[in-house]
Amino acid sequence: MKCGVIGLPNVGKSTLFNAITQAGAEAANYPFCTIEPNTGVAAVPDRRVGALATMFHPKKTTYALVEFVDIAGLVKGASRGEGLGNKFLSHIREVDALVHVVRCFEDSNVLHMDGSVDPVRDAGVVALELILADLETVSKRLERAKKTARPGDAKAAAEIALAARAIVHLESEKPLRTLSMTEDELVVAKGWFMLTDKPVLYAANIAESDVGKPEDALPYVKELRALAANEGAELMVISARVESEIAVMDAEEKVMFLEELGIGESGLDRFAKASYKLLGLISFLTAGADECRAWTIKRGAKAPQAAGKIHTDFERGFIRAEVVPFDTLMREGSMNTCREKGLIRSEGKDYEMKDGDVTLFRFNV
């Protein structure tokens, strides 16, 4: 699962992305690491994994991960190929969700492409280019469907009807993620590889001097939050410059620095959590002497699918899942106590996994 990091030039996008990749070279238990140019992997901070490690003393502790892709900056006209537009748009098609970095700080030393800071306007530039690109794509799909449709072809008729609705929606400068669609229509739209149907997290990039201030004292952030709410998108506040400093600190320095700023955890930790949620992901947990680990699955995944994340044999030969909620395990103090009290449930193939399920899979192949 990939999050694409997007934004206009000089909004702090690359600074934020570099903070993610720099942190990987510093941390021993790889809360972040760089795996290839323009791609970074961030661990999702999870107190539950640490608590399980304290209980089981495993040889290895592994956190869930989110992959980030640094996508080339956009300029007006990207939908027509201006600047790095074609590259920008093709890379967006390959990711599952978007982190849209928007500048919410004044700095005379950092040039702005339009000469002034206006988060709503800037966010609108990116949004409009994506909408225009989708409009062109859907229009072509509609023309093709009309040419190839045969009389009585219900599938083609459904695609034509959806495309016509989508065009009207896009022409009103609204992203496709705000268009109401049935399950069948969502399947059709997925095949179009749209840009504006992806979930979006706005990252309001604030000045270092604004870190820790209440949102009411940050007018740019308030404006951007209103926009995000109107679109049904998420928003988080972060200072890319501060995060780039935190990324190269050792653990002790980091704790002291965060205390001085009056914040409980780094923006990158919150950023990783928010991105994980944005992708529609949850974690189930496994624990033992060898390893305590958070495993990533899509929300709504069934037990056999979750078992398959560990090994394909687990899914193929799935018998049952033995499950205890994390909070229950912590309250009782051990798996043995949970078992003695009958608190470990036996779940079958139709069980929908819950976030934080501590799970042992039984299988036979």
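Here, the structure is the one placed above.
Okay, so let's go over this structure. If you're wondering where the values come from, they're calculated on a predicted model, not measured in any experiment. (Residues numbered from 1 in each chain as written. Predicted model: local features only at pLDDT ≥ 70, side-chain atom pairs only at ≥ 80, totals over all residues. Heavy atoms only, no water.)

Some thoughts on the packing of aromatic side chains
Okay, so step 1: Scanning all chains against the criterion turns up 5 aromatic pairs.
Okay, so step 2: When the ring of Phe-284 is compared with that of Phe-361, the centres are 5.7 Å apart and the planes differ by 90 degrees; the resulting orientation is edge-to-face. Note that Phe-284 is positioned in strand S9 (residues 281-286) and Phe-361 in strand S13 (residues 357-363), a separation of 77 residues in sequence.
Okay, so step 3: By relative accessible area, Phe-284 is classed as buried at 0%.
Okay, so step 4: Taken together, the ring pairs connect Phe-284, Trp-295, Phe-318 and Phe-361 into an aromatic cluster.
Okay, so step 5: In this structure, Arg-103 packs its charged tip against the face of Phe-105, placed 4.6 Å from the ring centre.
Okay, so step 6: Here the basic side chain of Arg-293 rests over the ring of Trp-295, its NZ or CZ set 3.8 Å away from the ring centre. (Phe/Tyr/Trp six-rings, centres within 6.5 Å; stacked < 30°, edge-to-face > 60°. Helix = DSSP H or I, 4+ residues; strand = E, 2+ residues; numbered from the N terminus. Buried < 20%, exposed > 50% of the residue type's maximum accessible area, 1.4 Å probe, protein only. Lys NZ or Arg CZ within 6 Å of the ring centre and 35° of its normal.)

As for the pattern of salt bridges
Okay, so step 1: If you walk through the whole model with that rule in mind, you get 19 salt bridges.
Okay, so step 2: Across the pair Asp-46 and Arg-48 runs a salt bridge, and its minimum N-O distance is 2.9 Å.
Okay, so step 3: What makes Asp-46 buried here is its relative accessible area of 13%.
Okay, so step 4: Here Glu-231 ties to Arg-177 by a salt bridge, and the two come within 2.9 Å at their closest N and O atoms. One end of the pair, Glu-231, is in helix H7 (residues 219-231); the other, Arg-177, is in the loop between helix H5 (154-171) and helix H6 (183-190), with 54 residues separating them in the sequence.
Okay, so step 5: The class of Glu-231 is buried, set by a relative accessible area of 15%.
Okay, so step 6: Each of Arg-320, Glu-322, Arg-339 and Arg-362 takes part in one network of salt bridges that share partners. (Salt bridge = Lys/Arg side-chain N within 4 Å of Asp/Glu carboxyl O.)

So, the packing of helix H4 (residues 119-148) against H5
Okay, so step 1: H5 packs onto H4 with a crossing angle of 155 degrees between their chain directions and a minimal axis gap of 9 Å. Here H4 lies roughly antiparallel to H5, going by the angle between them. Where H4 crosses over H5, the handedness of that crossing is left-handed. Across from Ile-131, Asp-134, Leu-135, Val-138, Ser-139, Arg-141, Leu-142, Ala-145 and Lys-146 in H4, the residues of H5 making contact are Glu-159, Ile-160, Ala-163, Ala-166, Ile-167, Leu-170 and Glu-171.
Okay, so step 2: Class assignment of the residues belonging to the contact of H4 with H5 gives a composition of 10 nonpolar, 1 polar and 5 charged. (Axes fitted to C-alpha atoms, helices over the stretch in contact; angles between N-to-C directions. Parallel < 35°, antiparallel > 145°, perpendicular 65-115°, else oblique. Left-handed = near helix turned anticlockwise from the far one by under 90°. Contact = heavy atoms within 4.5 Å. Nonpolar A, V, L, I, M, F, W, Y, C, P; charged D, E, K, R; others polar.)

Some points on the packing of H4 against H7
Okay, so step 1: Contact pair H4 / H7: the axes reach a minimum separation of 8 Å and the direction vectors enclose 40 degrees. By the angle between their axes, H4 is oblique relative to H7. Contacts from Pro-119, Val-120 and Ala-123 in H4 reach Tyr-220, Glu-223, Leu-224 and Leu-227 in H7.

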